[in-house]
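A structural walkthrough
Residue strings, one per chain:
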Amino acid sequence: GLRLAALSPELRQQFAVPDGVNGAVVTAVDTLGSAAGHDVRPGDVVVKAGTQWVTRAEDFEAQLAAARAAKRRFLLVGVSRRGETSFKAFKVPNS
């Protein structure tokens with residue numbers, strides 16, 4: 001799993017997130033989780049989950065819950081690092 005936080009001015013500065021990037025910043029990554037396998041790191045910013053833009057951690061959690069409820073195996077997640085966005089298929093946990 002991921003630990004996400006609102007992208008405050010302090011976190012934006014701490015992780016050197018470019019001004020044009022908005023979303024939920026990754027503050028911690030479970031080394032055994034799906035995100036670690038996709039090279040997601042603290043300081044990366046989740047900008048999209050499924051078809052929805054992410055502006056706060058709750059947006060990501062809602063999309064993950066919707067994918068779980070729909071019994072999807074994967075959730076496409078847009079992750080920005082240093083202003084470059086890539087998309088990764090995260091495995092949806094069962095519970």
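Shown above is the structure to which this text applies.
Let me begin by describing the structure that accompanies this report. (Residues numbered from 1 in each chain as written. Predicted model: local features only at pLDDT ≥ 70, side-chain atom pairs only at ≥ 80, totals over all residues. Heavy atoms only, no water.)

1. What about unusual backbone geometry?
In the Ramachandran plot, Ala16 falls in the positive-phi region, its phi being about 55° despite a non-glycine side chain. Mapped onto the elements of the fold, Ala16 is located in the loop between α1 (9-14) and β2 (24-29). Positive phi, close to 60°, is recorded for Asp39, a residue that is not glycine. When you line up the elements, Asp39 lands in the loop between α2 (34-37) and β3 (45-49). The exposure class of Asp39 is partly exposed, given its relative accessible area of 39%. (Helix = DSSP H or I, 4+ residues; strand = E, 2+ residues; numbered from the N terminus. Buried < 20%, exposed > 50% of the residue type's maximum accessible area, 1.4 Å probe, protein only.)

2. Section: the packing of aromatic side chains
In this description, an aromatic ring pair is defined by two values, namely the gap between the centres and the angle between the planes. Under the counting rule described, the total for this entry stands at 0 aromatic pairs. Stacked on the ring of Trp53, the Lys or Arg Lys48 has its end atom at 4.6 Å from the ring centre. (Phe/Tyr/Trp six-rings, centres within 6.5 Å; stacked < 30°, edge-to-face > 60°. Lys NZ or Arg CZ within 6 Å of the ring centre and 35° of its normal.)

3. Observations concerning the pattern of salt bridges
This structure, assessed with the given rule, holds 5 salt bridges. Asp44 is the salt-bridge partner of Arg81, the closest N and O atoms lying 2.8 Å from each other. Remark: Asp44 occurs in the loop between α2 and β3 and Arg81 occurs in strand β5 (residues 74-81); sequence separation between them is 37 residues. Two residues, Arg56 and Glu58, come together in a salt bridge whose shortest N-O distance is 3.6 Å. (Salt bridge = Lys/Arg side-chain N within 4 Å of Asp/Glu carboxyl O.)

4. Quick look at helix α3 (residues 57-69)
Compared with the 18 Å implied by 1.5 Å per residue over 13 residues, the 18 Å span of α3 between its first and last C-alpha is a close match. For α3, every residue scored as buried is listed here: Ala57, Asp59, Phe60, Gln63, Leu64 and Ala67. Seen from one end, α3 has its buried residues packed into an arc of 165°, which puts them on one side. Elements in contact with the buried residues of α3: β1 (2-6), β2, β3, β4 (52-53), β5 and β6 (84-91). (Expected span 1.5 Å × (residues − 1). Arc of directions from axis to C-beta. Contact = heavy atoms within 4.5 Å.)

5. A few points about the environment of Ala66
Here Ala66 lies in helix α3. Taking the C-alpha atoms as reference points, Ala66 and Phe90, separated by 24 residues in sequence, lie 14 Å from one another.

The values are spatial; any link to function lies outside them.
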